[in-house]
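Summary of structural features
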Amino acid sequence: MAAKAGGERVGYRKGYTVMSQASQKVLVTGGAGYIGSVLVGTLLTGGYQVRTIDNLSFGGESLLPHLGNPHFELVKGDITDSEAVRGALEGMDAVVHLAAVVGDPACAKQPELAVRVNKDASELLCQAAVEKRVKRFIFASTCSNYGKMPDHNGYVDETSLLRPVSLYAELKVGFENFLMAVRREGFSPVCLRFATAHGMSPRPRFDLTVNEFTRDLVTGRKLEVYGEQFWRPYCHTVDLSRACLMALEAEADRVAHRAFNVGDTGENYQKKTLVEMILAELPRVRNNVNYIHREEDPRDYRVNFHKIESALGFKSTRKVIDGIREYIFAIASGVIADPHDRRYSNL
Ligand SMILES: NC(=O)c1ccc[n+]([C@@H]2O[C@H](COP(=O)([O-])OP(=O)(O)OC[C@H]3O[C@@H](n4cnc5c(N)ncnc54)[C@H](O)[C@@H]3O)[C@@H](O)[C@H]2O)c1
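Residue positions are given per chain, counting from 1 as you read along its sequence in written order. Given that the model is predicted, a residue must reach a pLDDT of at least 70 before its local features are reported, and side-chain atom pairs must reach 80 or more before they are shown or counted; all residues, however, enter totals for whole chains, interfaces and linings.

**A short note on the overall build of the chain**
- Helix and strand assignments follow DSSP, with helices taken as H or I runs no shorter than four residues and strands as E runs no shorter than two, numbered in order from the N terminus. Looking only at helices and strands, one finds eleven helices and 14 strands in the chain.
- Relative to a compact globule of 347 residues, whose C-alpha radius of gyration would be 20 Å, the chain shows 20 Å and is just as compact.
- In terms of overall dimensions, the chain has C-alpha extents of about 60 × 45 × 40 Å along its principal axes.
- The burial label depends on the number of other C-beta atoms within 10 Å of a residue's C-beta. Counts of 20 or more mean buried, 12 or fewer mean exposed, and intermediate counts mean partly exposed, with C-beta atoms placed from the backbone. When the 347 residues of the chain are sorted by exposure, 44% land in the buried category.
- Considering only contacts in the chain between residues 6 or more positions apart, those separated by 24 or more positions represent 79%. Note that the radius of gyration is over C-alpha atoms, with the globule rule given as 2.2 Å times the number of residues to the power 0.38. Note that contacts rest on C-beta atoms placed from the backbone: two residues are in contact if these are within 7 Å.

**Some points on helix α2 (residues 82–89)**
- Every buried residue of α2 is accounted for by V85, A88 and L89. The buried residues of α2 all sit within an arc of 95 degrees when viewed along its axis, so they share a single face.
- The inward-facing, buried residues of α2 abut β3 (25–29), β4 (49–54), β5 (72–76) and α4 (111–131).
- Positive phi shows up at G91, right after α2, with a value of about 80 degrees. Picture the helix axis, draw a direction to every C-beta atom, and the arc is the one those directions span.

**A closer look at the environment of P202**
- Inspection of the secondary structure assignment puts P202 in the loop between β9 (196–198) and α6 (209–218).
- Note: C-alpha distance between P202 and V218 (16 residues apart in sequence) is 20 Å.

**Digging into the packing of helix α1 (residues 36–45) against helix α7 (residues 237–249)**
- Angular values range over 0 to 180 degrees, each being the angle between N-to-C directions of two axes fitted as lines to C-alpha atoms, with helices fitted over their stretch in contact. Here α1 crosses α7 at 50 degrees, and the two axes come no closer than 9 Å. Taken together, the axis directions place α1 and α7 in an arrangement best described as oblique. Seen from above, α1 lies across α7 with right-handed handedness. Contacts between α1 and α7 involve V38, L39, T42 and L43 on the former and, on the latter, T237, V238, S241, R242, C244 and L245. Any angle from 65 to 115 degrees is called roughly perpendicular, while one under 35 is roughly parallel, one over 145 is roughly antiparallel, and all others are oblique. Should the near helix be turned anticlockwise from the far one by less than a right angle, the crossing is termed left-handed; should it be turned clockwise, right-handed.

**Quick notes on the sheet that holds β4**
- With respect to topology, seven strands assemble into an open sheet ordered β5-β4-β3-β6-β7-β8-β12, the strand pairing being parallel. Both outer strands of the open sheet, β5 and β12 (258–262), are each paired with one neighbouring strand and no more. Averaged over neighbouring strand pairs, the angle between their axes works out to 20 degrees when direction is ignored.
- Relative to strand β6 (residues 94–97), β3 is paired through four bridges, and the arrangement is parallel. The partner of L27 across the bridge, within β6, is V95.
- Against the sheet, α7 touches β3, β6, β7 (136–142), β8 (188–194) and β12, its axis set at about 160 degrees to β8. Criterion used throughout: strands pair if DSSP finds at least two bridges between them.

**Side note on the site of the ligand**
- We call a residue near a molecule or strand when the C-beta position, derived from backbone atoms, sits within 6 Å of it. Taken together, 29 residues are adjacent to the ligand, and G30, G33, Y34, F194 and A197 come closest.
- When residues of the shell around the ligand are traced back to their parent elements, those giving at least two are β4, β7 and β9.
- By the convention adopted, Pro, Cys, Tyr, Trp, Phe, Met, Ile, Leu, Val and Ala count as nonpolar, Lys, Arg, Asp and Glu as charged, and the other residues, Gly among them, as polar. Its residues assigned to classes, the shell around the ligand shows 16 nonpolar, nine polar and four charged.

**A look at the pairing of β7**
- Of all seven residues in β7, seven are buried, a share of seventy percent or more.
- The alternating pattern of β7 places R136, I138, A140 and T142 and F137, F139 and S141 on opposite faces, both of which are buried.
- Two strands pair when backbone bridges link them, and β6 and β7 are joined in this way by four bridges, in the parallel orientation. Within β7, the residue paired with A94 across the bridge is R136.
- Pairing geometry for β7 and β8, over seven bridges, is parallel. The residue bridging A140 from the neighbouring strand is L192, located in β8.
- One crossover worth recording links β7 to the parallel β8 by way of helix α5 (residues 167–180), and it is right-handed. For a crossover, the right-handed case is the one in which the path from the first strand over the helix to the second runs clockwise, viewed with the strands pointing away from the viewer.

**A few points about the confidence of the model for the chain**
- Mean pLDDT over the chain: 92, with 93% of residues reaching 70 or higher.
- The score called pLDDT rates the predictor's confidence residue by residue, from a low of 0 to a high of 100. In the predicted structure, residues 1–22 sits below a pLDDT of 50 and forms 34 contacts with residues beyond four places in sequence or in another chain.

**Focus: the environment of L279**
- Within the element layout of this structure, L279 appears in helix α9 (residues 271–281).
- Between the C-alpha atom of L279 and that of V218, which follows or precedes it by 61 residues, the distance is 9.5 Å.

**Quick word on the nonpolar core**
- In this structure, V26, I138, L192, C244 and A247 are the most contacted members of the largest nonpolar core, which totals 92 residues.
- Considering each element in turn, this core owes the most residues, eight residues, to α7.
- With residues near it in sequence (within four places) discarded, V26 still touches L43, Y48, V50, M92, D93, A94, V96 and L248. By convention the nonpolar core is taken to be a set of buried residues drawn from Ala, Val, Leu, Ile, Met, Phe, Trp, Tyr and Cys and joined through C-beta atoms within 7 Å.

**Focus: the environment of T219**
- Here T219 lies in the loop between α6 and β10 (223–226).
- Sequence separation between T219 and P339 is 120 residues, and the spatial gap between their C-alpha atoms is 8.8 Å.
- In contact with T219, other than residues within four places in its own chain, are I331 and P339.

Here you go:
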């Protein structure tokens, strides 16, 4: 990312402006998390001033490399605490909102907390951001908002009907609607519907399909795969972070009040294909896999990602096979000593 000294706006690619790096202050909620800790690094490398508010529910080791960085600030706080939120927003130009009770199982397990965080606190954060004259608000939504495709052989895109089939997705759709209805001069809200994440992070998660399948097979466990024929899109943590950066830097009229799927049309996979990709790397554990056929799964979505490519020039730089190899190496080499440690799971 290029910026001239002196702080004037500098166009660096068609359709983009880069504000003075010194004046771009971004609040990342949930910056200690799986995607957030990658994003914080991406933003710091890009020259941003980054503050994160996180209650450190899975620990804060993921942020250790940044603690001495004068461009980084950690607010240990909960987004349900309105005072902490207002304080964290002070002086910020933009917000990337990641903090949430994340995933269908976690929301099903703690439904009241999920509503408090994913709905009430998110609305409060948005209202406070508007009051504090934050210019851009990027919301980490999800492709699971699409639920089940009407046609198993088709694709869904941003014009498709949202059919949330879990509390998690219902709350994401609800907050998308809330955010998109906020109109204030100079306030640009953007919804990024992330594909299911995979790939390395300072806070690994092993409750996500690619990472979990890889971990189980590399550690010699038996793997039971339910509904091997159902589709899902996947995107690497590094690319999800790049998408946030591009949404921050795009001209407002390209992104404001819009939703974008984030991923790559070529990175939709059926679960069986994922397993075959892992087994090609680990052929000796082929007998450890057992497919349990299911005719019905409420979530079956194959997603088209053309819009973000044509509007922002976003393309994934890493594929699922890269994420698989990262985890095989990290576990086999002992870099992740105990991949079954509970702190690597949101369940
Ligand atoms: N991981 C995926 O596959 C995926 C896919 C689509 C969308 N998303 C969205 O991206 C965002 C980040 O997901 P992730 O995988 O990094 O999850 P994560 O659970 O690893 O990170 C969430 C972070 O938010 C923090 N947090 C949770 N509740 C908080 C609260 N009340 N106050 C302050 N901090 C709080 C947690 O401590 C954690 O550090 C979420 O909004 C999620 O819904 C993730």
